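For reference, the chains in residue letters:
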Amino acid sequence: TTPTSVTAEPDAVKFQFNHLLSKVKFTFENGFVNDNNTIVISNVQMTAPAKATIDLTADEYAWTNHADVVTLAMGDVAAAGRVAAGSSASTDNERLTIPAGANQEYTVTFNIQQWQGDVLASEASKTITINGVELLPGRGYNFKATINEQNVADNPLYDIEFEVAVDEWEQDQNVETEILYTVDSAQDLIAIANGINNGTIESDVTVVLTGDIDLSDIT
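Please read all numbers here as calculations on a predicted model, not as lab measurements.

## Regarding unusual backbone geometry
Right, so step 1: At Asn 65, a residue that is not glycine, the phi angle is positive and equals roughly 55°.
Right, so step 2: Counting through the fold element by element, Asn 65 comes out in strand 4 (residues 63-77).
Right, so step 3: A positive phi angle, close to 60°, is found at Asp 68, a residue other than glycine.
Right, so step 4: Examined against the element boundaries, Asp 68 turns out to sit in strand 4.
Right, so step 5: The exposure class assigned to Asp 68 is exposed, which follows from its relative accessible area of 52%.

## Observations regarding the packing of aromatic side chains
The description of an aromatic ring pair uses the distance of the two centres, along with the angle that the planes make with each other.
Right, so step 1: Taken as a whole and assessed by the stated rule, the structure comprises four aromatic pairs.
Right, so step 2: Considering the side-chain rings of Phe 28 and Phe 162, the 5.8 Å spacing of their centres and the 80° angle between planes classify their relative orientation as edge-to-face. A residue pair is termed long-range when its members are at least 10 positions apart, and Phe 28 in strand 2 (residues 22-30) and Phe 162 in the loop between strand 9 (139-147) and strand 10 (163-168) qualify at 134 residues. With respect to class, Phe 28 is no different from Phe 162; both count as buried.
Right, so step 3: The ring of Trp 115 carries Arg 82 above its face, with NZ or CZ at 4.0 Å from the centroid.

## Details of the sheet that holds strand 3 (residues 37-54)
Right, so step 1: With respect to topology, four strands assemble into an open sheet ordered 4-3-7-8, the strand pairing being antiparallel. Two strands close off the open sheet at either side, each with one partner strand: strand 4 and strand 8 (119-130). Between one strand axis and the next, the sheet turns through 15° on average, direction left out of account.
Right, so step 2: Summarising the sheet, strand 3 and strand 4 pair through ten bridges and their orientation is antiparallel. Considered in strand 4, the bridge of Ile 54 is made with Trp 63.

Conventions and cut-offs
- Residues numbered from 1 in each chain as written.
- Predicted model: local features only at pLDDT ≥ 70, side-chain atom pairs only at ≥ 80, totals over all residues.
- Heavy atoms only, no water.
- Helix = DSSP H or I, 4+ residues; strand = E, 2+ residues; numbered from the N terminus.
- Buried < 20%, exposed > 50% of the residue type's maximum accessible area, 1.4 Å probe, protein only.
- Phe/Tyr/Trp six-rings, centres within 6.5 Å; stacked < 30°, edge-to-face > 60°.
- Lys NZ or Arg CZ within 6 Å of the ring centre and 35° of its normal.
- Pairing = 2+ DSSP bridges.
- Axes fitted to C-alpha atoms, helices over the stretch in contact; angles between N-to-C directions.

See below:
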């Protein structure tokens with residue numbers, strides 16, 4: 001809040017921005033032993049809570065009352081080509097979601113193709129359930145899975161399991177805003193000019209005129 005008549009430069013207004021949501025993505029590794037096998041992962045989707053409640057006046061933020069379900073479209077993996085043996089690639093999209101405790105269950109679906117050279121060897125649609133993972137505000141979660149000979153087909157020998165890697169989501173701190181001077185009279189404009197001349201106000205400021213000002217008395 002600045003006074004009607006500004007006689008000195010106000011302090012810069014500082015903000016600290018904290019992320020209240022979590023960020024998720026998926027990474028798939030081609031774990032085939034035979035280098036001739038490549039994989040294509042497409043249409044990755046994840047269910048998540050559609051709404052929840054948070055008290056922004058609390059000392060510590062916590063999401064409660066999770067309800068309903070929304071489907072997050074994560075996109076394709078390596079949409080421009082196939083994932084080679086021994087390589088990994090992530091979904092096209094990273095999505096924001098409401099943080100939830102470890103009791104929250106997530107359903108992940110995706111389509112998978114196995115190629116042997118230029119021959120399509122198998123394709124299937126997968127549905128995986130993820131639980132026991134707590135999502136915290138301001139954290140990024142990368143769910144990683146390995147696709148190989150045992151779990152690629154419709155009737156796999158082993159289930160596909162996701163392991164999660166957690167990254168600190170960078171916070172934006174101490175962001176200084178532009179200093180604005182609101183001017184509604186010639187006297188205010190003179191005060192700002194005098195402040196710039198005597199060094200109490202920086203020359204790089206923005207002056208906002210609130211209306212028509214009579215400048216005839218300014219010399």
